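Here are the chains, one letter per residue:
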Amino acid sequence: MLDPAAPQLVVNSRTLYFSWLPADPDAVAALVPPGLCPRPDRQVFLNQYIVDDETQTSGFGAYSLTYLGVSLVGVDAPGGLNPGGWWSHYVASSRRVREYAAARGAPVLSGRTRIEVSGEDLLSETEIDGTTVIQARCRVGETGHVISSGHHRYFTRRDGQLLSSAYPFIAEPVSPFEIESVEFLQPGHPMYALRPANPLTIGFGYYSPRSSFAYPGGLTVHPVAAPEPARPVHQVPASLARSGLPSGS
């Protein structure tokens with residue numbers, strides 16, 4: 001098993017990353033634990049990516065992965081351009097990656113991600129137990145000269161503590177790029193709570209055939225404010241309550 005405190009590097013993964021507004025904002029908000037605050041619009045994010053060869057990683061080997069979750073307020077990534085995010089589901093094909101991520105508090109599941117590009121058409125699918133649970137279709141163009149870089153900040157929970165870390169990335173997105181559809185195909189799966197609204201409203205997104213990032217070494221404990229002590233409640237005598245007289249009369 002990889003040391004969960006050790007950093008890991010991934011280069012040139014094929015990555016589809018975007019966000020949307022959900023069909024059930026209350027269900028999305030309910031996934032966020034106390035101590036974190038979802039955005040008012042309850043934005044959901046999804047990252048599907050594939051590492052085709054073991055030479056593209058510092059220790060993970062080849063694998064595919066899908067993670068998704070809820071965008072947060074008040075805990076932006078370094079630079080303030082990208083909101084922090086709570087990981088609600090983390091689907092990895094590699095046992096080594098699942099063990100590493102689980103030790104860091106990620107909500108791991110076993111499954112596979114597929115991304116196929118044919119001309120301008122991109123099809124991505126996330127599969128669990130042989131069943132497709134998420135499917136997205138996009139229109140994609142050619143990789144240009146624009147570089148997207150910065151940090152993401154993701155939160156997990158382990159041993160009753162909220163943990164976070166900043167994940168640096170560099171991506172080469174294609175242009176043009178358009179999300180055509182996003183479908184959650186299994187209503188009985190917990191992921192279904194994150195399904196997009198109709199009509200589909202996209203927040204941000206890109207597809208990059210070459211996206212590199214790092215899992216930083218170590219995690220930061222996120223402080224959670226203690227709840228305020230309950231204020232004493234003035235009790236109205238039962239006889240007054242029955243009489244309809246205001247207390248103090």
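Please read these numbers as outputs of a predicted model, since none were measured by experiment. (Residues numbered from 1 in each chain as written. Predicted model: local features only at pLDDT ≥ 70, side-chain atom pairs only at ≥ 80, totals over all residues. Heavy atoms only, no water.)

Summarising the element assignment, Cys-37 is placed in the loop between helix H1 (25-30) and strand E2 (44-51). With 37 residues separating them along the chain, Cys-37 and Gly-74 place their C-alpha atoms 7.6 Å apart. Beyond its immediate chain neighbours, meaning those up to four positions away, Cys-37 contacts Val-32, Ser-71, Leu-72 and Val-73. (Helix = DSSP H or I, 4+ residues; strand = E, 2+ residues; numbered from the N terminus. Contact = heavy atoms within 4.5 Å.)

Right, let's get into the sheet that holds strand E11 (residues 174-184). Spatially, E6-E7-E8-E11 is the arrangement adopted by the four strands of the open sheet, whose pairing is antiparallel. The open sheet terminates on both sides in strands that have one partner only, identified here as strand E6 (112-118) and E11. The mean angle between the axes of side-by-side strands here comes to 15°, regardless of whether they run parallel or antiparallel. Note that strand E7 (residues 121-128) and strand E8 (residues 131-143) share eight bridges and pair antiparallel. Residue pairing across strands places Thr-126 opposite Ile-134, the latter belonging to E8. (Pairing = 2+ DSSP bridges. Axes fitted to C-alpha atoms, helices over the stretch in contact; angles between N-to-C directions.)

Bridge count for E6 against E7 is seven bridges, and the pairing is antiparallel. Across the sheet, Val-117 pairs through a bridge with Leu-122, a residue of E7. Where E6 hands over to E7, the hairpin turn is made up of two residues, of which Gly-119 adopts a positive phi near 65°.

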